[in-house]
Structures are given as structure tokens and as C-alpha cells.
Amino acid sequence: MNTRKMVIMTMFVAIAVAGSTFVSFPAGIARAYPVQHAVNVVAAILLGPIPAVVIAFLTGLIRVLTGTGSLLAFPGGMIGALLAGLFYKQFGKAWLAGIGEVIGTGVIASLLAVPYAKILMGTTVTAFFFVPPFLVSTVSGAALGLILVVRLQQTSAWHKIESVGGRL
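Summary of the structure given here. Per chain, residue numbering runs from 1 following the sequence as it is written. Where totals are concerned, whole chains, interfaces and linings use all residues; where local detail is concerned, this predicted model gives features only for residues with pLDDT of at least 70, and gives and counts side-chain atom pairs only at 80 or more. Heavy atoms throughout the structure, all of them, feed into the side-chain values; hydrogens and water do not.

### Description of helix 2 (residues 34-47)
Along its 14 residues, helix 2 runs 20 Å from first to last C-alpha, staying within 8% of the 20 Å computed at 1.5 Å per residue. Throughout this description, buried means an accessible area under 20% of the type-specific maximum (1.4 Å probe, protein chains only), exposed means over 50%, and partly exposed covers the range between. For helices the rule is a DSSP run of H or I covering at least 4 residues; for strands it is a run of E covering at least 2, with both sets numbered from the N terminus onward. For helix 2, the buried fraction is high: 14 of the 14 residues fall into the buried class. A positive backbone phi angle near 105 degrees is found at G48, which sits one or two residues after helix 2. The length a helix should cover is 1.5 Å for every residue beyond the first.

### Observations concerning the nonpolar core
In this structure, F12, I45, L47 and I55 are the most contacted members of the largest nonpolar core, which totals 28 residues. Within the residue set of this core, elements represented by two or more residues are helix 1 (3-22), helix 2, helix 3 (49-65), helix 4 (73-91), helix 5 (94-121) and helix 6 (127-152). When residues of this core are assigned to their parent elements, the largest contribution, nine residues, is made by helix 2. Residues grouped as a nonpolar core are buried Ala, Val, Leu, Ile, Met, Phe, Trp, Tyr and Cys residues, joined through side-chain atoms within 4.5 Å.

### Overview of the packing of helix 2 against helix 4
Contact pair helix 2 / helix 4: the axes reach a minimum separation of 8 Å and the direction vectors enclose 35 degrees. As helix 2 runs across helix 4, the sense of the crossing is right-handed. Counting all contacts with helix 2, which are made through N40, A44 and I45, the residues of helix 4 involved are G77, G80, A81, A84, G85 and Y88. Note that Gly is not counted as nonpolar here; it falls among the polar residues with everything else outside the nonpolar set of Ala, Val, Leu, Ile, Met, Phe, Trp, Tyr, Cys and Pro and the charged set of Asp, Glu, Lys and Arg. Class assignment of the residues belonging to the contact of helix 2 with helix 4 gives a composition of five nonpolar, four polar and no charged. Lines fitted to C-alpha atoms define the axes here, with helix axes fitted over just the stretch in contact, and angles between the N-to-C directions of these axes take values from 0 to 180 degrees. Crossing chirality is assigned from the near helix's rotation relative to the far helix, an anticlockwise turn below a right angle marking it left-handed and a clockwise turn marking it right-handed. In what follows, residue pairs with any heavy atoms lying within 4.5 Å of each other are defined as contacts.

Just geometry here; none of it tells us what the structure is for.
What follows is the structure, given as C-alpha cells:
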């Protein structure tokens, strides 16, 4: 992995961590943090599935260590980033990266959160506790990410970063 790619990945982590600190809104019983999902979509399209997962992991780790996120940041961010990257890699359509993020986080990760939360966090909630807030957060974030991609693709900066991306 080259230095430019690592710098771009680090910038995505910084944007996701800072964005999660400043941009959130109520989503039923929880809060939605859409910036992480937007970063997942943009990173998956620009860099590919593996770097997007690394970005999601590092973002979750920093948020947990700083007390601004819970352990649920890991499965939610990483599964969504992986599916977004795989869908884009397979089909080459940005909107499918958004769908991958929503399926990965809003459906799969929210269902995995039930046993994960029971084992690691000691909670005894059902899937209905996690699915609605995960979906609200990921749908809003994926939409934001897709809007950003469409706008950024019209700039010369996108093409410079894209040339560095070199999918893994």
C-alpha cells in the first residue's frame, strides 16, 4: 500500500470521527450518525472494499476509545463498508454501493448486533431494538454518500484520488 493511499484513508477516518462527533440526530431509541455511512460509501467506491473496511474499523476503534461510540460501531460500520465495496467492485454502479451499505449495516449488522450486544455488552434486547435506528442511520448516510460521490466525480480532485486508489 502506498503512502498516498494511507493518507487518504487516514483523512477518511478523521472525517468519520469528527463527523460522528458533530452530526447526529435522534432515531427512535438511539441516535443516528450518518457520516460514518457516507464515508463508507465514498471510500468503498474510491478505494475498494478492503480499505473501506479498514477505515470503518479504525473509525470505530477511535470512537470507542474516546467514548463517542459503542462496541456496535464495529459490526455496523465494517459489514456495511464491505458490502458497499463488494457491490461497487462487482457492478461498478455507485447506487449499488449505497444499497450494499444499507443491506450490510441496516439489515445484517443490526441482526448480528443482538447476540453481539448480549455477549459483549450484557444486554438482552431483540432485533426490533436495533433494526430501526440502524436503518435510519445507514439510509441517511448512504444517501449523503451518494450525493457526495456524484458531486465529487465532477471535480478534478476525484480523478486524482481515484488514480491513487488502485483497488485492493
